Amino acid sequence: MTHAADHAIRQRREAFNRALAKADLKAIGPILAQDAILVTGTDSAVISGCKAQLAAWEREFAASLRTIYTRTPDTILVSPVEPIALEHGRWQGVTAAGGLPLASGTYTAKWRRISADWVIEAEIYLTLA
């Protein structure tokens, strides 16, 4: 299960990154658990729930100077006893027009398998640059 789960989570992360790049709210929703929690990297704001996160992304996508965020997993640790996993990696935000780096750092995400799909339950970000 570990290799299959690792692969599935990496695919879901790639789908999330593509959705962010395309400003595709409909693609983001199914990757988030209904009660997903996000803690932002700079001000530690807490965005609680799928609906709240989608609303935040909608505002982000409408910004005149839009930022595109990418998460790159370094490791995924899959629990041998529960349908959960922890992803550690690096994130970067670049300008949509030109791809100039704006901010970057590290993150951790907790995933849970529900039926056949892995969904994000929680993410915490640390801004380093």
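An account of the accompanying structure is given in this report. Just so it is clear, the model here is predicted, and its values are computed rather than measured.

### What about the pattern of salt bridges?
The full count for this structure, using the stated rule, is six salt bridges. Of the charged contacts in the structure, one is a salt bridge between E123 and R13, with a shortest N-O distance of 3.0 Å. Of this pair, E123 sits in strand β6 (residues 117-127) while R13 sits in helix α1 (residues 2-22), and the two are 110 residues apart along the sequence. Given a relative accessible area of 2%, E123 falls into the buried group. When its relative accessible area of 1% is taken as the criterion, R13 is described as buried. In this structure, the salt-bridge partner of E121 is R112, at a minimum N-O distance of 2.6 Å.

### Section: the packing of aromatic side chains
Tallying each qualifying case throughout the model produces five aromatic pairs. Judged by centre distance (6.3 Å) and plane angle (85°), the ring pair of W91 and Y125 falls under edge-to-face. Of this pair, W91 sits in strand β4 (residues 84-95) while Y125 sits in strand β6, and the two are 34 residues apart along the sequence. We note that W91, like Y125, is buried. Taking 5.6 Å as the distance between ring centres and 25° as the angle between the ring planes, the aromatic pair formed by Y107 and Y125 counts as stacked. Here Y107 is found in strand β5 (residues 101-114), whereas its partner Y125 is found in strand β6, with 18 residues between them in sequence. Each member of the pair Y107 and Y125 is classed as buried.

### As for α1
Between its terminal C-alpha atoms α1 stretches 30 Å, which fits the 30 Å expected from 21 residues at 1.5 Å a residue. Buried within α1 are the following residues: A5, D6, I9, R12, R13, F16, N17, A19 and L20. Projected down its long axis, α1 carries its buried residues within an arc of 160°, all on one side. Set apart from the buried face of α1 by more than 90 degrees, the exposed residues are H3, A4 and K22. One or two steps after α1, the chain reaches A23, where phi turns positive at roughly 55°.

What counts, and where the lines are drawn
- Within each chain, residues carry numbers counting from 1 in the order of the written sequence.
- It should be noted that, the model being predicted, local features are given only for residues of pLDDT at least 70 and side-chain atom pairs only at 80 or more, the latter also being counted only at that level, while totals for whole chains, interfaces and linings use all residues.
- Calculated side-chain values reflect all of the structure's heavy atoms, with hydrogen atoms and water omitted.
- What makes a salt bridge here is a side-chain nitrogen of Lys or Arg within 4 Å of a carboxyl oxygen of Asp or Glu, nothing more.
- Segments assigned H or I by DSSP are reported as helices when at least four residues long, segments assigned E as strands when at least two residues long, and all are numbered from the N terminus.
- Only protein chains enter the accessibility calculation, which uses a 1.4 Å probe. A residue is then buried if its area is under 20% of the maximum for its type, exposed if over 50%, and partly exposed in between.
- Geometry of aromatic contacts follows a simple scheme: Phe, Tyr and Trp rings, the Trp one being its six-membered ring, pair when their centres are within 6.5 Å, and the pair is stacked under 30 degrees between planes, edge-to-face over 60, tilted otherwise.
- To estimate how far a helix should extend, the number of its residues minus one is multiplied by 1.5 Å.
- In this description, the arc belongs to the directions extending from the helix axis to the C-beta atoms.

Geometry only, nothing functional implied.
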